[in-house]
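Results of the structural survey
For reference, the chains in residue letters:
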Amino acid sequence: MTASHVTAIIFDLGGVLIDWSPEYLYRELIPDADERCHFLTKICTPEWNHQMDAGRSVPNAVATLADHHPEHGELIKAWWSRWPEMLGGEIPGTRTVAEALMRAGMPLYALTNWSAQTWPFAIQRFPWIEGLFDGVVVSGREHVAKPDPRIFEILHRRYDLEPTRTLFIDDSPANIQTAANSGYVTHTFTTVSRLETWLHEHGHLDRS
């Protein structure tokens, strides 16, 4: 199969449709850039956050880490108590592309690394998610996160998708590699304009 034979499209959310970053909260709480970098790479690490994306309870993870680092306790607790402040807005233009695909009759799905406890904040902030997609797989609810290939298997079995006829769009090279290894057609998201061009070139999106 080639990209022109795609009959369904999967979108990642964070980094593709939605802007999320701990910086949005912690640059207020830790004004010094070097101190903030240390905190977000050595204390509240990406690996720790990935555990929550993969199903670990956010309140439990935060409480445990705060106990281990009492000198940073209040800052760590803000990860849960002020989590919505890490949400930015929509990434400009991507939702418009997805809606154009939906109007053209393309089935759309979302596969996102997101904790089960913070997912309701996403739906509250971006209620259009539920109307845009025919199905959504949230890693925290499945207790497995990208790039683990098991979450791709959950997606295609749940929604009866044929990977070789399904396009997967994500900004993470590791996630893209796993999807490609699983047989999906892939597009690494960098900019909306490049995504639009790719979709147009493969016959899935008309030029506006």
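The preceding data block contains the structure.
Okay, so let's go over this structure.

Procedures and definitions
- Counting of residues starts from 1 at the beginning of each chain's written sequence and follows it residue by residue.
- The model is predicted, so local features are restricted to residues of pLDDT at least 70 and side-chain atom pairs to those at 80 or more, both for listing and for counting; the totals for chains, interfaces and linings are taken over all residues.
- To get the side-chain values, all heavy atoms of the structure are used, and hydrogens and water are removed first.
- The numbering of helices and of strands both runs from the N terminus, where a helix is a DSSP run of H or I of at least 4 residues and a strand a run of E of at least 2.
- Contacts were defined at the residue level, with two residues in contact if any of their heavy atoms lie within 4.5 Å.
- Think of each axis as a best-fit line through the C-alpha atoms, taken over the contacting stretch in the case of a helix, with angles from 0 to 180 degrees between the N-to-C directions.
- Here roughly perpendicular refers to angles of 65 to 115 degrees, roughly parallel to angles under 35, roughly antiparallel to angles over 145, and oblique to all remaining angles.
- Classes in brief: Ala, Val, Leu, Ile, Met, Phe, Trp, Tyr, Cys and Pro nonpolar; Asp, Glu, Lys and Arg charged; the others, Gly included, polar.

1. With respect to the environment of Trp-80
- Looking at the element boundaries, Trp-80 is found in helix α5 (residues 73–81).
- Taking C-alpha positions, Trp-80 is 17 Å from Arg-36, a pair spaced 44 residues apart along the chain.
- Residues within four places of Trp-80 in sequence aside, it is in contact with Val-58, Pro-59, Val-62, Gln-117, Thr-118 and Phe-121.

2. Examining the environment of Val-58
- With respect to the secondary-structure elements, Val-58 resides in helix α4 (residues 58–68).
- Expressed as a C-alpha distance, the spacing of Val-58 and Trp-80, which sit 22 residues apart in the sequence, is 6.8 Å.
- With near-sequence residues (within four places) excluded, Val-58 lies in contact with Met-52, Trp-80, Ser-115, Gln-117 and Thr-118.

3. As for the packing of α4 against α5
- Across the interface, α4 lies against α5 with an axial gap of 9 Å and an inter-helix angle of 175°. Taken together, the axes of α4 and α5 are roughly antiparallel relative to one another. Facing Val-58, Pro-59, Val-62, Leu-65 and Ala-66 of α4, the residues of α5 in contact are Gly-73, Ile-76, Lys-77, Trp-79 and Trp-80.
- Here the contact of α4 with α5 is built from residues that sort into 8 nonpolar, 1 polar and 1 charged.

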